[in-house]
Amino acid sequence: MRGVRAQQTGSAGRRTNSGAGRVLVAVYGIFALAATARAGVQLITRFEEAPLAYVLSAVAGLIYIVATITLARGTRASRRLALIAIIIELIGVVTVGTLSVIDQEAFPRATVWSVYGIGYGFVPLVLPILGLAWLWHTRPHAPQPVEGRG
Amino acid sequence: MIDALAYTVVALAGVGVLWGIVTAIANKPPGKAQLLYAGGLEAVTVVQSILAAVKIIGGFRPVELATTIGYLIGIAILIPIAWLWANVERNRFSGIVLAVAALAVLAMTLRLLVLWTPAG
């Protein structure tokens, strides 16, 4: 049982891509699509209007893509990448959200993280918190013996 | 885009969202009827995107052309992807996955209605 599970997931913990995790991956996937497409349009059609905001849009899109794929894979290595991506995502949405409130000059055009994701019902602010909670919830239960993963 | 068709998509997607939530609360995977319904929603959505594409090819220019095209493609691919993703592991969360996709289609269609104004 345990062996089979380890073989499937490469992890002793619960899979990030199972149960409620499938919903999380679906939401991340939608934001990967939305942020990347939005950034693509912005960078191609009017980069000069707000270079900083649009580059950050593209970075946000990339982070969502990484989080989507790593959470969907659910292996031990991908968990680590997911954790890094989601931490960057949280820092990003809080930083860009705050900057967009304080200094509207720097963010004349909305990005996915502007005003903490107000254009997307604040889901961009809630999503990394849910992501971190889910990684914690599905964490491996006990340290694994030092060996190659299954 | 045809307004009546867009509002039909919005209404159908709204029912899809509720249906997904209901099956999740009932702790059941989506049944055959629900999956067929998602297929029907997809069909109407695709017709809408094709009609809009025909109008754009015919010379109509919405204010934000690139964004509009992105949305027209986006609404057409979301349901099939969610459908496949929901069917890999069938349980109560499959319904929520379908609901999330339907909600995205609903929101994007409402946004398209706003975007669909001729460029001045």
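Keep in mind it's a predicted model, so treat the numbers as computed, not measured.

Points about the interface of chain B and chain A
Line of reasoning, step 1. Facing 13 residues of chain B, the contacting portion of chain A comprises 12 residues.
Line of reasoning, step 2. Of the residues that constitute the side of chain B that touches chain A, the class distribution is 9 nonpolar, 3 polar and 1 charged.

Details of helix α2 (residues 32-57) of chain B
One full turn of an α-helix is made of 3.6 residues, so residues set three or four places apart face in the same direction.
Residues and elements named next belong to chain B.
Line of reasoning, step 1. Its 26 residues give α2 an end-to-end C-alpha distance of 37 Å, which sits within 8% of 38 Å, the value for a rise of 1.5 Å per residue.
Line of reasoning, step 2. Every buried residue of α2 is listed here: Gln-34, Ala-38, Leu-41, Glu-42, Thr-45, Gln-48, Ser-49 and Ala-52.
Line of reasoning, step 3. On its buried side, α2 packs onto α1 (3-25), α3 (65-88) and α4 (92-115).

Comments concerning the packing of α3(B) against α4(B)
Residues and elements named next belong to chain B.
Line of reasoning, step 1. At a minimum axis distance of 9 Å, the contact between α3 and α4 shows a crossing angle of 170°. One element, α3, and the other, α4, form an angle in the roughly antiparallel class. The residues of α4 that touch α3, namely those facing Thr-67, Thr-68, Tyr-71, Gly-74, Ile-75, Leu-78, Ile-79, Ala-82, Trp-85, Ala-86 and Asn-87, are Ser-94, Val-97, Leu-98, Val-100, Ala-101, Ala-104, Val-105, Met-108, Thr-109, Arg-111, Leu-112 and Leu-115.
Line of reasoning, step 2. Residues that form the contact of α3 with α4 fall into these classes: 16 nonpolar, 6 polar and 1 charged.

Topic: the confidence of the model for chain B
Detail in the predicted coordinates should be disregarded across regions flagged by low pLDDT.
Line of reasoning, step 1. Per-residue confidence for chain B averages 94 on the pLDDT scale, and 99% of its residues sit at or above 70.
Line of reasoning, step 2. The ipTM, which scores confidence in the relative placement of chains, is 0.92 for this predicted complex, and the corresponding pTM is 0.88.

Focus: the environment of Ser49(B)
Residues and elements named next belong to chain B.
Line of reasoning, step 1. Its location among the elements puts Ser-49 in helix α2.
Line of reasoning, step 2. Judged by the 22 C-beta atoms lying within 10 Å of it, Ser-49 falls in the buried class.
Line of reasoning, step 3. Considered as a pair, Ser-49 and Ile-69 are 20 residues apart in the sequence and their alpha carbons are 8.9 Å apart.
Line of reasoning, step 4. The contact partners of Ser-49, leaving out residues within four places of it in the chain, are Leu-72, Ile-75 and Ala-76.

Side note on the nonpolar core
Line of reasoning, step 1. Grouped together as the largest cluster of nonpolar side chains are 65 residues, with contacts concentrated most on Ala26(A), Ala82(B), Val97(B), Val100(B), Ala101(B), Ala102(B) and Val105(B).
Line of reasoning, step 2. Elements with a contribution of two residues or more to this core: α2 (20-46), α3 (51-73), α4 (76-102) and α5 (123-137) of chain A together with α1, α2, α3 and α4 of chain B.
Line of reasoning, step 3. The element best represented in this core is α4(B), accounting for 14 residues.
Line of reasoning, step 4. Beyond its immediate sequence surroundings of up to four residues, Ala102(B) is in contact with Ala13(B), Gly16(B), Val17(B), Gly20(B) and Leu41(B).

The rules we used
Residues numbered from 1 in each chain as written. Chains lettered and ligands numbered in written order. Predicted model: local features only at pLDDT ≥ 70, side-chain atom pairs only at ≥ 80, totals over all residues. Contact = placed C-beta atoms within 7 Å. Nonpolar A, V, L, I, M, F, W, Y, C, P; charged D, E, K, R; others polar. Helix = DSSP H or I, 4+ residues; strand = E, 2+ residues; numbered from the N terminus. Expected span 1.5 Å × (residues − 1). Buried ≥ 20, exposed ≤ 12 C-beta atoms within 10 Å, placed from the backbone. Axes fitted to C-alpha atoms, helices over the stretch in contact; angles between N-to-C directions. Parallel < 35°, antiparallel > 145°, perpendicular 65-115°, else oblique. pLDDT = per-residue confidence, 0-100. Core = buried A, V, L, I, M, F, W, Y, C linked by C-beta atoms within 7 Å.

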